[in-house]
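Survey of secondary and tertiary structure
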Amino acid sequence: MAAYLLRRLWQMVPTLAGVVLLVFVLFKAFGGDPAEILGGLNATPQQIESIRQQLGLDRPWWVQLWIFVQQIASFDWGRSWATGEPVAQLFASRLPATLTVMLPILLLDTLLALPLALAVAAWRGSLTDRLVMVATTVALSISFLVYIIVGQYLFAFQLGWFPVQGWSDSLWTNLTVYAPLPVLLAVLVGLAPQTRLYRSFFLDEIGQDYVRTARAKGLAEPVVLLRHVLRNALIPILTNIGLALPSIFVGSFLIEVFFSIPGLGREVLLAVNRSDYPVIQAVTVYVALLTMAVNLLVDLLYMWADPRVELK
Amino acid sequence: MTAASAGHLPADAPSPGVWSAAARRLRADRIGMACLGVVAVFLLLIAASASGLVAGGWQREVAVPSAPPGFAGPRPVQAPGALQAPAGPRADLSDVDPLAPRYGEWDARAAQFRAVEIQRLQTLPLGADRMGRDVLSKAVKGTEVSVFVGLMAALLATAIGTLLGALAGFFGGRLGDALEWLYNVFTSIPGILLIFAFAAVFGRGIGTVVLILGLTGWTGVYRLLRAEFMKHAVRDYVRAAQAIGASAASRMFRHILPNVSHVVLVQLSILTVGFIKAEVILSYLGLGVPVDQVSWGTMLAEAQSELLLGHWWQLTTATLFMAVFVTAFSLLTDALRDALDPKLRGLE
C-alpha cells in the first residue's frame, strides 16, 4: 500500500512538470508583455524597464522558469496585478463561497440521480427508453444559459420565491437564502444527463449472469438491485464522481457570474478579462495538482468498492 | 452503395463495405433520417446566409427599438403624461425673444438640406432587439456563426487528436510515451480552466475561439484513435502492406485510417455539438464572438436584460434555433454512431 502510494506520487511528478511547463510556455510565448500590462498606458520606458527588472523579465528564460517553479513550491504568487491583493489571500477568501454552492450541487446531483437511475433501469421498456432518450436530448440541446436566465426571471423576479442575487457573510444565510436558487437550477439541469449515464452503468450490470443467479435463488428484486447491482456499478460511478470533483473547486463560472456569488470562478473570469496572469496561472497549476490527487483517491476507493481490484 | 440499395444481394456479389452497410442502417432509422433532413435545411440556410443571400442586413436598424413580433401586435401607444397640451393660439413672443431676428435665416439654411424621415416598422415577424434590428435576421446570421465555430473547432480538434493518436498508437515506444505524457498534462487541467488560460493569452475573435476550443478539446479523440491504431497496427492487412513496401505514413493514413474513419466521424459530430454549446457560454461570458458579430451566445447575452423588460422574443428565437439544430444534430450523431459502430450502441 505504502509502496503503491509512493510510486503513484512519483508518477505525478512528470505530469505536474508538464502542467507547469505548459502554463509557462503558454503565457511566455503568446501572452502580452507583463511589464506593459502592469505599467498601464501611461508608463514611461523607465518605469517599464524597472518593472521588468523586478519581475526578472530581463533574465534568461530558464531563470524565469526557475522563479516560476519557486513561486509554485512556496505558494507565494505575489499580488494580483489588478487589485494588489495577495493571490493566496484571494483564493482563501473566494473558495468558501464556491464550495457553499458547489458541494450541495454535487451531493444532491448524486443522491438524486442514483435512485432515479436505478428505478429507470429496473423499470425499463423499449418505448419508455426511447422517449426518455429523446426527451433528454431535447432538454440538453437547450443551453444551460437559457435555463438560468429563465429560472432566475421566473423564480426570483416574477414569483419572488428567492432573492434575485446576492451574498452575505454568514454561512447559514448563504445556504438558506442565496444558495438555494442556483443550486436548484444546476441540479435540475444536471439531473437528466446524470440519470441517463448512471442508468447505462446499471443496465451493463443487470445483464450479467450473477444477477440472473441472484434472481434464480429467490432474492427479492430490491435486494438484487441494492446489494448486487449497485455494489458492482460503483466503479464507473466513482470514476464519474471523481471526474466531477475537481471542478467543484473552480465552481460554475456561469452560476457565479449570474447570481453575483463572490467565488473563485467569477474571480478567474475577472482575471481573464483583466489579463491578471498570476491569478490564472496559480489557479491552473493548483487545480491540476488537485485533480491528480483526486484521481489517486478514486483509485484507492476502487479497492474499497471492489476487493478484486489490485493496486500495483 | 448500389449493391446495398438493391435489397438482396446476388450470391457472387462482394459483401457490402462498411460505408454502404452503414448507409443502409442509417436509412432504416426514421428518426435519424428526419434529423438528417433538418440538419440539411440548416446547412442550406447557413450557405445562403454566408453568401449574403439572406440576413445580409442583420445590422440595419429597421424597426422601432424592441418592436414586438407581428403576431403579438404593435406595442400599445403610451398614455400621454399628466401635462395637458396648451390650447388656443400661440402667443407672439418676438419682441422679447432675443433669437427672433435669426429664425428666418435658420429656416432658409435648414431648407437647403433634405431630411429623410426613416420609416421604422412597428412590428417584425419575430420582433426586434433593443436597437431595432430584426431578430429573425440575427438568428439566421447567428446560426451561421455558431455552427461555423462549432464545426471548425471540431475539425481542428479531431485533426489534432487523430494525428497524435495515430502517431502514439502506431509507433508506441518513446514517441508514444511522450504523447501519453502530453495527454496526461492536458487532461489534468479541468477543461473550462484550460479554455480560460488559453483565452487569457490569445485575445478575442471568431478565429481565436476556434483555435482555443480546438487546441483544448483533442484529448478524447486522441484516446480513442490511439487504441484503434494500436489494435490495427498488428493486423494482417497492415503487415501485408508493410511486406509489399508501404511506408509507415502510407500504412497509417492510407491503410489504417480508412478502417477507423467511422470512429473519427462519430467523434467529430459529438465534438461539434459540445463546441456549439461551449461557444454560446464563452460568448455570454465575453470571451467568444466579438460584439460586432452575432451568434446564439451574444443573442442570449442581450436577451437576459431584455427579459426583465418583458421582451421575450429574442430569447425565444435564439433558444428555438439552437434547440432545433442541436437536437437534430445530436440525434443524427446517435443514429450515425448506431449505424457505423453497432458495438457502441446504447453507451453514452
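The rules behind these values
Residues numbered from 1 in each chain as written. Chains lettered and ligands numbered in written order. Predicted model: local features only at pLDDT ≥ 70, side-chain atom pairs only at ≥ 80, totals over all residues. Helix = DSSP H or I, 4+ residues; strand = E, 2+ residues; numbered from the N terminus. Rg over C-alpha atoms; globule rule 2.2 N^0.38 Å. Contact = placed C-beta atoms within 7 Å. Buried ≥ 20, exposed ≤ 12 C-beta atoms within 10 Å, placed from the backbone. Core = buried A, V, L, I, M, F, W, Y, C linked by C-beta atoms within 7 Å. Axes fitted to C-alpha atoms, helices over the stretch in contact; angles between N-to-C directions. Left-handed = near helix turned anticlockwise from the far one by under 90°. Nonpolar A, V, L, I, M, F, W, Y, C, P; charged D, E, K, R; others polar. Bend = angle between axes of the 7 residues up to and from the residue. pLDDT = per-residue confidence, 0-100.

The next point concerns the overall build of chain B. What chain B contains, in helices and strands, is 13 helices and zero strands. Tracing chain B from N to C terminus, the helices and strands come up as α-α-α-α-α-α-α-α-α-α-α-α-α. Computed over its C-alpha atoms, the radius of gyration of chain B comes to 30 Å, more than 25% above the 20 Å expected for a compact globule of 348 residues. In terms of its C-alpha atoms, chain B occupies a principal-axis envelope of roughly 110 × 50 × 40 Å. Long-range pairs, those at least 24 residues apart, make up 73% of the contacts in chain B with a sequence separation of at least 6.

All right, on to the overall build of chain A then. Counting its regular elements, chain A contains 15 helices and zero strands. In chain A, buried positions account for 28% of the 312 residues.

How big an interface is tends to be stated in terms of accessible area lost as the parts join. The partner chain B presents 37 residues to the 41 residues of chain A that form the contact. Those elements that place two or more of their residues in the side of chain A that touches chain B are α1 (2-30), α6 (126-141), α7 (144-158), α9 (180-206), α12 (247-250), α13 (253-258), α14 (264-273) and α15 (277-305) of chain A. The dominant element in the side of chain A that touches chain B, judged by the number of residues it contributes, is α1(A), at nine residues.

What follows covers unusual backbone geometry. Even without glycine at this site, Ser260(A) takes up a positive phi of about 50°. Position of Ser260(A) relative to the elements: it lies in the loop between α13 and α14.

The next point concerns the nonpolar core. Val268(A), Val272(A), Ile280(A), Phe196(B), Leu300(B) and Ala318(B) are the most contacted members of the largest nonpolar core, which has 134 residues in total. Sort the elements by how many residues they give to this core and helix α5 (residues 135-171) of chain B lands first, with 16 residues. Judged by nonpolar contacts, the second largest core, of 11 residues, contains Ala117(A), Leu225(A), Val229(A) and Ala233(A).

What follows is about the environment of Met102(A). Inspection of the secondary structure assignment puts Met102(A) in helix α5 (residues 87-122). Once the C-alpha coordinates of Met102(A) and Pro182(A) are considered, the two residues, 80 residues apart in sequence, prove to be 9.5 Å apart.

A few words on the packing of helix α10 (residues 209-216) of chain A against helix α11 (residues 221-244) of chain A. Residues and elements named next belong to chain A. Axis separation between α10 and α11 bottoms out at 11 Å; the angle between their running directions is 150°. Classified by chirality, the crossing of α11 by α10 is right-handed. Mapping the contact onto sequence places Tyr210, Val211, Ala214 and Arg215 in α10 and Val224, His228 and Val229 in α11. Here the residues of the contact of α10 with α11 sort into five nonpolar, one polar and one charged.

Positionally, Ile148(A) belongs in helix α7. Other than its neighbours up to four places away in sequence, Ile148(A) contacts Leu185(A), Leu254(A), Ile255(A) and Phe258(A).

Once that is clear, we can look at α11(A). Residue and element names in this part refer to chain A. At Leu234, α11 shows its maximal bend, which comes to roughly 45°, and the proline Pro236 appears one to four places after that position. Along α11, the positions that sit buried rather than exposed are Val224, Leu225, Val229 and Ala233. Elements in contact with the buried residues of α11: α5, α9 and α10.

All names here are of chain B. Confidence in the prediction of chain B, expressed as mean pLDDT, is 82, and 91% of residues score 70 or more. Ranking the elements of chain B by mean pLDDT puts helix α1 (residues 2-5) last, at 44, and α5 first, at 91. Low confidence marks residues 1-7, where pLDDT is under 50. Its contacts with residues over four positions away, or in another chain, come to 11 contacts. Across the interface, the model reports ipTM at 0.80; the global pTM reads 0.81.

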